[in-house]
Amino acid sequence: MVATALAEAVTHPAAGAALDIEQVSHAFDIDGAELPVLSDVSISVEPGEFVALLGPSGCGKSTLLRLVAGLDKPKAGRLREDDSRITRPHPSRVVVFQDPTLFPWRSVWDNVALGLEAQGILKSQRQRVDDALDLVGLSSFRHAYPHQLSGGMAQRVALARALVNDPRILILDEPLGKLDSLTRITMQAEIVALWQRKGFTTLLVTHDAEEALVLANRVIVFSDRPARVKADIRVDRPYPRHRGDPYLADLRRQILGLLGLDATW
Amino acid sequence: MSTYSLSDGLASGAPRVSRVPLLTAWVKDSGAGVLASVAWIAFGLSCLWWADVGDWSRTRSLGIAAFVIAAVALFGTVGADYLGSAGKALQKRAPWLVALGAFLTVWELATAKFAWLPLPFFPPPQAIIEVYTDDLPKLLDSVFASVKLQLGGYLIGAAVGFLTGVSIGWSRAVGYWVHPVLRFIGPLPATAWLPIAFFTFPSSWSASTFLIALATGFPVTVLTWSGVASVSKAYYDVARTLGAKPSFLVLKVAIPAALPHVFVGLFMGLGSSFAVLVVAEMIGVKAGLGWYLQWAQGWAAYSNMYAALIVMSLLCSGAITLLFAIRDRLLVWQKGTVKW
Ligand SMILES: Nc1ncnc2c1ncn2[C@@H]1O[C@H](COP(=O)(O)OP(=O)(O)OP(=O)(O)O)[C@@H](O)[C@H]1O
Ligand SMILES: [Mg+2]
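Keep in mind the model is a prediction, meaning the values are calculated, not measured.

(A) View of the overall build of chain B. Secondary structure summary: chain B contains 14 helices and zero strands in total. Seen in sequence order, chain B has helices and strands lined up from the N terminus as α-α-α-α-α-α-α-α-α-α-α-α-α-α. Taken over the C-alpha trace, chain B has a radius of gyration of 28 Å; the compact-globule value for 340 residues is 20 Å, which it surpasses by more than 25%. In terms of principal-axis extent, the alpha carbons of chain B reach across some 75 × 70 × 30 Å. Within chain B, residue pairs in contact and separated by at least 24 positions form 71% of the contacts whose partners lie at least 6 positions apart. Counting only carbon and sulfur atoms, one obtains 73% of the accessible surface of chain B, whose full area is about 19,100 Å². If the 22 positive side-chain charges of chain B are averaged to one point and the 13 negative ones to another, these points end up 16 Å apart.

Here it is, written out as structure tokens:
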């Protein structure tokens, strides 16, 4: 079922874009005091790469994603998509936020259609909305309102809303955090399949080292706030990956050590 | 039906187990209807049994009408099963029919028959019916004038208030200039402008329209503004990353998200504009229900005043009901998220 939905969804293949994060630092003002959040972060992502970002809670991962999306400007440093500087949001870089933030006044279908509507191309491309809904398995809920969905369903709608735009860089902020473990594993497989098919560049924030290792071909570990790149780990394993793979287990131990959890595990 | 099914056999052929539950069910469904018909028969009798203490021409017709209503209540609720949704609706309202019939009976006795209440000030039901039949043209003219004035002023005020509210909520510059003006002028009751407005406007009609618009506009502006201002930033972030332009952010994000607040403003505006309407009609405009009330008072025509009051309250509650219906249509999505 998933495979056919995927095949239908691939109507507009968009190759991934390169992403350059160059010496980016960022800080927030809280009550006049400066709170440094990112400190001299440099990451260079190849087109089509799948990069997972791991780090302690509150270290600044979501903040970095907002900078990549173009929603905020960094205090210092530069971000580039291919060769153009990122200064504002663009539908080629779509974010699935930590919170699904569906529009409660729109039906599921209308929520997914949001991007195409905003870009003024919905009329001619309605099929893409249907395909995206098929992809996340929510076609029968197209007329439902967000308050009628479960947390996991809402997150899937948010994913469909992002995918329908055929982004060149897909930015995922813990999109699977609220899902039950079963749906989570299914969705992980779907994300990988989708990424392999469409070739977009993916940036995934997650708390789960195992998830990072199953999905990404590169795992970046951040330090505590202000976030610095602590480690940049290549995961050279073919897909589909197995959770029990001793190579991955070894990497996992290494990553948990970097996160200061070696004692507990 | 050619095929035999189990349920068919049960429904027609099976013997009734017991009659007692059926009886209680019947009382539950139709008891109130029977009571209602009793109450209205009592009202009819109270009209016809004794002689009126005054001179009213509609007493007999009213009594007969009461019997007709009693009959409708009885057959309507007892035979509700054959009347479909109309019967169900009647059954649901039967308790109110009981109360109304009882109230009218007491009113009839207290005024027309035994004059327990001082007479010219408390006219009997038949006197008010008399107004509706004999003074109908003038009353209808007044209704028409009131509705026209109210509708014009309200629509202008709501539209201007909505646009102003969205502009203040959206643009810092507009907010800078409009906010203090709103602070200064808004809380003033619109009726305070009355004397000045009647001088400065070319006609009392345009002056009243302005005042009604003002009374509507202030709450609509403030609530639209606060609605737009309280829209979560996360919605804008989502829309912006999906390629939304500023116009999309206003029309498709800010306004729909603010709509529940806008409706609160529209309800408040409706209430305060009714007050302005009646005062404006009493003081300046020589038409409408407010003016009719004033005129009736001048002639000590108390039945006319009650008749006009009843019409007025029907119109006001009708307007509120209409606004509720519009809101329910536009905000269906809210139904599951808040308690209505
Ligand atoms: N708009 C803001 N204003 C002020 N401070 C902020 C703002 N957004 C984030 N912060 C601060 O920046 C820090 C990093 O926040 P961020 O949301 O990036 O963390 P995170 O790494 O995504 O954490 P988590 O894994 O829990 O989601 C936090 O300490 C937070 O308090
Ligand atoms: Mg976060």
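(B) Examining the coordination of the magnesium ion (ligand 2) more closely. Residue and element names in this part refer to chain A. Every protein donor of the magnesium ion (ligand 2) is accounted for by S62 (OG) and Q98 (OE1), and the metal-donor separations fall at 1.9 to 2.5 Å. Pair noted here: S62 is in helix α2 (residues 61-69) and Q98 is in the loop between β6 (93-96) and α3 (108-112), with a separation of 36 residues, a long-range link. A relative accessible area of 28% places S62 in the partly exposed class. Judged by its relative accessible area of 38%, Q98 falls in the partly exposed class.

(C) Spotlight on the domain arrangement of chain B. Here chain B is partitioned into domain 1 (6-119) and domain 2 (136-334). For domain 1 of chain B versus domain 2 of chain B, the distance between C-alpha centres works out to 40 Å.

(D) Quick peek at the UniProt feature "transmembrane region" (unreviewed entry) in chain B. All names here are of chain B. Per the UniProt record, the feature "transmembrane region" (unreviewed entry) sits at residues 32-51, 63-84, 96-116, 151-170, 182-201, 207-228 and 305-326. Between the C-alpha atoms that bound residues 32-51 there is a distance of 30 Å. The span itself is 90% helix and 0% strand. Strand forms 0% of residues 305-326 and helix 100%; the C-alpha atoms that close the span are 31 Å apart.

(E) Here's a closer look at the domain arrangement of chain A. Residue and element names in this part refer to chain A. By the assigned domains, chain A splits into domain 1 (3-92 + 169-264) and domain 2 (100-166). Each of domain 1 and domain 2 has a C-alpha centre, and these two points are 23 Å apart. Counting residues at the interface gives 20 residues for domain 1, matched by 15 residues for domain 2. Interface area, domain 1 with domain 2, both sides summed: about 1,500 Å², of which 67% is carbon and sulfur. Our enumeration of links across domain 1 and domain 2 arrives at one salt bridge. Counting across the interface, domain 1 meets domain 2 through one residue pair in polar contact (both at pLDDT 80 or more). Of all the elements in the fold, those that place two or more residues in the side of domain 1 that touches domain 2 are α1 (2-9), β7 (169-173) and α7 (181-198). When the residues that make up the side of domain 1 that touches domain 2 are grouped by side-chain class, the tally is 13 nonpolar, three polar and four charged.

(F) Structural view of the packing of aromatic side chains. One pass over the structure, following the stated rule, counts 16 aromatic pairs over all chains. Both rings, one in B:W40 and one in B:F43, keep their centres 5.8 Å apart while their planes meet at 80°; by these two values the pair is edge-to-face. One end of the pair is B:W40 and the other is B:F43, both in helix α2 (residues 20-49) and three residues apart, which spans about a single turn. For the ring pair B:W50 and B:F114, a centre distance of 5.3 Å and an interplane angle of 70° mean the geometry is edge-to-face. Of this pair, B:W50 sits in the loop between α2 and α3 (59-78) while B:F114 sits in the loop between α5 (85-113) and α6 (125-134), and the two are 64 residues apart along the sequence. Take B:W50: its relative accessible area is 37%, and that puts it in the partly exposed class. An aromatic cluster is defined as three or more aromatic residues linked by ring pairs; in this entry it consists of A:F103, A:W105, B:Y235 and B:W333. A cation over an aromatic ring shows up here: A:R241 above the ring of A:Y239, its NZ or CZ 4.2 Å from the ring centre. Positioned above the aromatic ring of B:W295 is the side chain of B:K138, whose terminal nitrogen or guanidinium carbon lies 3.1 Å from the ring centre.

(G) Looking closely at the site of ligand 1. Residue and element names in this part refer to chain A. The environment of ligand 1 is made up of 15 residues, and the closest members are S57, G58, K61, S62 and T63. Within the side chain of K61, an N or O atom sits 2.8 Å from an oxygen atom of ligand 1. Contact between ligand 1 and H207: an oxygen atom at 3.1 Å from a side-chain N or O atom of the residue. In the complex, 67% of the free accessible area of ligand 1, which totals 630 Å², lies under the protein chains. At the level of elements, β1 (19-30), β2 (33-45) and α2 are the ones that each hand at least two residues to the shell around ligand 1.

(H) Spotlight on unusual backbone geometry. Residue and element names in this part refer to chain A. A cis amide bond links R225 to the next residue, P226, at an omega of -5°. Note on placement: P226 falls in the loop between β9 (218-222) and β10 (229-234). One non-glycine residue, Q23, lies in the positive phi region at around 45°. Its location among the elements puts Q23 in strand β1.

(I) Geometry of the interface of chain A and chain B. Listed by partner, the interface residues are 26 residues for chain A and 21 residues for chain B. Here chain A and chain B share an interface that buries about 2,000 Å² over both sides, 70% of which is from carbon and sulfur atoms. When the buried area of chain A at its contact with chain B is split by residue, A:W105, A:A118 and A:H147 rank highest and sum to 31% of it. Summed over the shared surface of chain A and chain B, the result is two salt bridges. Summed over the shared surface of chain A and chain B, the number is four residue pairs in polar contact (both at pLDDT 80 or more). Considering every element that reaches the side of chain A that touches chain B, the biggest residue donor is helix α4 (residues 114-118) of chain A, with four residues. Classifying every residue of the side of chain A that touches chain B by side-chain character gives 14 nonpolar, seven polar and five charged.

Cut-off values and rules
Residues numbered from 1 in each chain as written. Chains lettered and ligands numbered in written order. Predicted model: local features only at pLDDT ≥ 70, side-chain atom pairs only at ≥ 80, totals over all residues. Heavy atoms only, no water. Helix = DSSP H or I, 4+ residues; strand = E, 2+ residues; numbered from the N terminus. Rg over C-alpha atoms; globule rule 2.2 N^0.38 Å. Contact = heavy atoms within 4.5 Å. Areas by Shrake-Rupley, 256 points an atom, 1.4 Å probe, with all protein chains shown as cover. Lys, Arg positive; Asp, Glu negative; His and termini not counted. Charge placed at Lys NZ, Arg CZ, Asp CG, Glu CD. Donors = N, O, S within 2.8 Å, 3.2 Å for Na, K, Ca; no water. Buried < 20%, exposed > 50% of the residue type's maximum accessible area, 1.4 Å probe, protein only. Domains from an automatic or database assignment. UniProt positions renumbered as here; feature names shortened; annotations may be inferred. Buried area = accessible area lost by both parts, 1.4 Å probe. Salt bridge = Lys/Arg side-chain N within 4 Å of Asp/Glu carboxyl O. Polar contact = N/O pair within 3.5 Å; in protein donor to acceptor, adjacent residues only side chain to side chain. Nonpolar A, V, L, I, M, F, W, Y, C, P; charged D, E, K, R; others polar. Phe/Tyr/Trp six-rings, centres within 6.5 Å; stacked < 30°, edge-to-face > 60°. Lys NZ or Arg CZ within 6 Å of the ring centre and 35° of its normal. Near = heavy atom within 4 Å.

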